[in-house]
Amino acid sequence: MAGIMATPVQLNFTAPRRGMPPTHMADLTREKLQTTIQDLGLPKFRADQIARQYYGRLQGDPREMTDLPESKREAVSEALFPQLMAPLKDTEADDGETRKTLWRLHDGTLLESVLMRYPGRATLCISSQAGCGMACPFCATGQGGLDRNLSTGEMVEQVRLAAATMRDGEVSGEEGRLSNIVFMGMGEPLANYKRVVETIRKITNPAPEGFGISQRNVTVSTVGLAPAIRKLADEEMSVRLAVSLHTPDDELRDELVPVNNRWSVEEVLDAARYYAEKSGRRVSIEYALIRDINDQAWRAELLGKKLHGALGSKVHVNVIPLNPTPGSKWDASPKERQDEFVRRVIEQGVPCTVRDTKGQEIAAACGQLAAEER
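Conventions used here
Along each chain, numbering runs from 1 in the same order as the chain's sequence is written. Per-residue local features of the predicted model are confined to residues with pLDDT of at least 70, and side-chain atom pairs are confined, for both listing and counting, to 80 or more; whole-chain, interface and lining totals are unaffected and use all residues. In computing side-chain properties, one takes all heavy atoms of the structure into account and sets aside hydrogens as well as water. Helix and strand assignments come from DSSP, with helices taken as H or I runs of at least 4 residues and strands as E runs of at least 2, each series counted from the N terminus. Here a polar contact means two N or O atoms within 3.5 Å. Within protein one must be a hydrogen donor candidate and the other an acceptor candidate, and residues neighboring in sequence count only if both atoms are side-chain atoms. Throughout, a contact is declared for two residues whenever any of their heavy atoms are within 4.5 Å. The salt bridge criterion pairs a side-chain nitrogen of Lys or Arg with a carboxyl oxygen of Asp or Glu, the two atoms within 4 Å. Under the scheme applied here, a residue whose accessible area is under 20% of the maximum for its type counts as buried, over 50% as exposed, and between as partly exposed, the area being computed with a 1.4 Å probe on protein chains only. In predicted models, pLDDT denotes the confidence assigned by the predictor to each residue on a 0 to 100 scale. It is the directions from the helix axis to the C-beta atoms whose arc is reported.

Regarding the side chain of Asn-260
Here's step 1: With respect to the helices, strands and loops of the structure, Asn-260 is situated in the loop between helix H8 (250-256) and helix H9 (265-279).
Here's step 2: Polar contacts involving the side chain of Asn-260 include one to the side chain of Arg-253, which spans 2.9 Å.
Here's step 3: Here Val-265 takes part through its backbone nitrogen, which lies 3.3 Å from a polar atom of the side chain of Asn-260.
Here's step 4: Among residues more than four places away in sequence, those in contact with Asn-260 are Asp-250, Arg-253, Asp-254 and Val-265.

Quick look at the structure:
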């Protein structure tokens, strides 16, 4: 296990006590929104009108909502539309098809999201926490620690702003539509469980209660919080689950993914099987391939055997060439070893492919988000 940390890592499952943002329209249920609108002296039907502007037309400023009485727009803005986040910097790669945005939140907290354009689709990688408390040693976000959970409004706003960016043709110079959402940015989504589920509903519900993106085009990634995986399965949604496994054996995973000290590989895969059975969706297994650490042929075979045994045909492995971060001792495996690893997993009857490393040159690829400006 050359290069593995020798000292135990302290996990931080609870967000530090930093100020959560003021309440935004996107934090509210339809009923609560109606009540708030009535408290402002407007009839209840104005709530759906405002929600259609926000989710359907991607309009986040009531002063631009011309179907509202002009005399009430400022009051609606103050009550329901505080500015939750402001862009500090956009960085582009892949001929303008990948855009990483650094955001400053209301309390000065920084976070990053990544918008990626592919032929026929556009995917937004959103953050669920500012920072991350899971402490995986090869991940830049995990090494920065956890600032706080994000609110539902902060997550929903990441989606609205990206959808508007696509609509307005600001990515690679042509208009498009945001089609896919992956909770693979900063943070562990299942450690901010309630708000993430609320956000998924608002992403996928039709207007006036959401953006109308298909649940099948939403992916939730986790390092393996087994009880929360089971809880998510019981929500009876059709979102895809991605499990960042990174090694099939507990001895190494205790070091690479410290949460494994709480829930073992077997427990995580058992929860993943439960999710696959309840949702009817294949589970994605994420495997960051690290030179001389987890890229051995025997680990590929063990991974394939364990996954085939636990999940049968309801699994797919995404091998991710490690995206090194500045000053890191971790490095990507050579391509020939990567190809051999993929071949041996497939030999065990498990589909396995290598994920595109889009955005790597701007530190926007998997494991690289760090909001370094902080």
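Okay, back to it.
Quick notes on the environment of Lys-314
Here's step 1: Looking at the element boundaries, Lys-314 is found in the loop between helix H10 (297-311) and strand E11 (315-321).
Here's step 2: For the pair Lys-314 and Arg-273, spaced 41 residues apart in sequence, the C-alpha to C-alpha distance is 8.0 Å.
Here's step 3: Not counting residues within four places of it along the chain, the set of residues in contact with Lys-314 comprises Ala-276, Gly-280, Arg-281, Arg-282 and Val-283.
Here's step 4: Here Gly-280 takes part through its backbone oxygen, which lies 3.0 Å from a polar atom of the side chain of Lys-314.

Section: the pattern of salt bridges
Here's step 1: The tally for this structure, following the rule as stated, stands at 28 salt bridges.
Here's step 2: A salt bridge links Asp-295 to Arg-337; the shortest N-O distance between them is 2.9 Å. One end of the pair, Asp-295, is in the loop between strand E10 (283-289) and H10; the other, Arg-337, is in helix H11 (residues 335-347), with 42 residues separating them in the sequence.
Here's step 3: Asp-295 gets classed as buried once you look at its relative accessible area, which sits at 3%.
Here's step 4: On the accessibility criterion, Arg-337 (30% relative accessible area) is partly exposed.
Here's step 5: What emerges from the salt-bridge pattern is a single network uniting Glu-301, Glu-340, Arg-343, Arg-344 and Glu-347.

Describing the confidence of the model for the protein
Here's step 1: On average, residues of the protein score 90 in pLDDT, and 90% of them reach the 70 mark or higher.
Here's step 2: Low confidence marks residues 1-17, where pLDDT is under 50. Its contacts with residues over four positions away, or in another chain, come to 35 contacts.

Here we look at unusual backbone geometry
In most cases, non-glycine residues show a negative phi, while peptide bonds are predominantly trans.
Here's step 1: A cis geometry characterises the amide bond from Ala-207 onward to Pro-208, with omega recorded as 15 degrees.
Here's step 2: With respect to the helices and strands, Pro-208 occurs in the loop between helix H6 (193-204) and strand E8 (218-222).
Here's step 3: Of note, the phi angle at Asp-95 is positive, near 55 degrees, even though the residue is not glycine.
Here's step 4: Residue placement: Asp-95 occurs in the loop between strand E1 (85-93) and strand E2 (98-105).
Here's step 5: Positive phi, normally seen in glycine, also occurs at Asp-292, with a value near 65 degrees.

Looking at helix H3 (residues 70-80)
Here's step 1: By the burial criterion, the buried members of H3 are Arg-73, Val-76, Ser-77 and Leu-80. Projected down its long axis, H3 shows its buried positions confined to an angular sector of 100 degrees, all on one face. Exposed positions of H3 whose direction lies more than 90 degrees from the buried face are Ser-71 and Glu-78.
Here's step 2: Close packing links the buried residues of H3 with helix H1 (30-39) and helix H2 (45-56).

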